[in-house]
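The primary structure of each chain is shown beneath.
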Amino acid sequence: MPEVSDDAGGRRAAPAPAPKPKPASRVRMSAAQRREQLIATGRQLFAERGFDATSIEEVAARAKVSKPVVYEHFGGKEGLYAVVVDREVRALLDRITTALTAGHPRELLEQAAMALLGYIEEETSGFRVLVRESPLMSGTANFSSVMNDVAHQVEHILGAEFKSRGYDPKLAELYSQALVGMVALTGRWWMEVRKPRKEMVAAHLVNLAWNGLSHLEAKPGLITARRR
C-alpha cells in the first residue's frame, strides 16, 4: 500500500492519483490496406442492401473513415461497386473453370454444380452481390455474364457429345444455356433455404440433367402440338 504522509496541521494527506494510461494509438493503414478494407465493407453492404440502397455515407461510417477517403480510392459508389462485382465475377468463374477437370460429361456436370454451390456456401455475400442485378452494371460483368461464360464452356463439351451421338451439334448452345440456367436458378433458391446439403442438391441436379441427356430424342416435338 502507498504511504500516507501527515501535513503541517497533522492531517493525513490523500495519496496522489495514479496517472491515467495513455489511449492506444490507432495503427495507420497503408493505402492498399485501406482500399481492401473499403472493398470488404462495400461488399458486405451491397450484399445486405443492394446498390441503390447503399450510400457512400454508410460505407464510410462502417469503415470508420471520412467520405473523402472513399471518393479518393474509388471516385464514388459506382466505382466501388464495379470493383466489388469484378472481383466476385473473377472469383466465381475461376472456381468453376478450375473445377472442370474430368473427361466424362457427367462428372463435368457434377463438378460445375458443386463449384457453384460451394461458392454460394462459402462466399454468400459475394453471391448476393452478383445476383442483385443493378441497372448501372447492365453493360458490364455480373452474374449473368459469368453464367454465359460457363455456358460457352459447356457448349463445347456438349457439341462433341452431340456429334458422337448423332445429334445436331448446333443445338449444343441451346442445351448448355438450359443446363447452366437450371443449376444457377437452383443455386439462388438453395442460398436461402440451405437444405438439403449441397452434395445432395448437386446429385439431384445431375440426375435430372444427365438422365435427361442420356435419353434425348433425336427430333423432339411437343405432345400438345401432335394433338392438333
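What counts as what
Residues numbered from 1 in each chain as written. Predicted model: local features only at pLDDT ≥ 70, side-chain atom pairs only at ≥ 80, totals over all residues. Heavy atoms only, no water. 1 Å grid on protein atoms, 1.4 Å probe; cavity = no way out; pocket = protein on both sides within 12 Å on 5 of 7 lines; lining within 4 Å. Points joined across faces, edges and corners; volume = space filled by probe spheres on them. Helix = DSSP H or I, 4+ residues; strand = E, 2+ residues; numbered from the N terminus. Nonpolar A, V, L, I, M, F, W, Y, C, P; charged D, E, K, R; others polar. Buried < 20%, exposed > 50% of the residue type's maximum accessible area, 1.4 Å probe, protein only. Polar contact = N/O pair within 3.5 Å; in protein donor to acceptor, adjacent residues only side chain to side chain. Phe/Tyr/Trp six-rings, centres within 6.5 Å; stacked < 30°, edge-to-face > 60°.

Some thoughts on empty space enclosed by the protein
Part 1: If you walk through the whole model with that rule in mind, you get 5 cavities of 30 Å³ or more.
Part 2: The volume enclosed by the largest cavity comes to roughly 120 Å³.
Part 3: Among the secondary structure elements, those contributing two or more residues to the lining of the largest cavity are α5 (105-122), α7 (143-165) and α8 (172-193).
Part 4: In terms of residue class, the lining of the largest cavity is made up of 10 nonpolar, no polar and no charged.
Part 5: Space inside the second largest cavity adds up to approximately 90 Å³.
Part 6: As for the second largest cavity, its lining consists of L100, P105, L108, L109, A112, V154, I157, L158, L179 and L213.
Part 7: Of all the elements in the fold, those that place two or more residues in the lining of the second largest cavity are α5 and α7.
Part 8: Among the elements that take part in the lining of the second largest cavity, α5 stands out by supplying 4 residues, more than any other.

A few points about the environment of E57
Part 1: Within the fold, E57 resides in helix α2 (residues 56-63).
Part 2: Judged by relative accessible area, which is 42%, E57 ranks as partly exposed.
Part 3: When the C-alpha positions of E57 and P68 are compared, they lie 10.0 Å apart, and in sequence the two are 11 residues distant.
Part 4: Polar side-chain contacts of E57 include one of 3.1 Å to the side chain of K67.

Focus: the packing of aromatic side chains
Part 1: Here the structure, examined in full by the defined rule, presents 6 aromatic pairs.
Part 2: Ring geometry for F46 versus Y81: centroids 5.0 Å apart, planes at 85°, classification edge-to-face. Separated by 35 residues along the polypeptide, F46 in helix α1 (residues 31-53) and Y81 in helix α4 (residues 77-99) bring together distant segments of the chain.
Part 3: According to the relative accessible area criterion, F46 is buried, its value standing at 1%.
Part 4: Taking 5.8 Å as the distance between ring centres and 80° as the angle between the ring planes, the aromatic pair formed by F162 and Y167 counts as edge-to-face.

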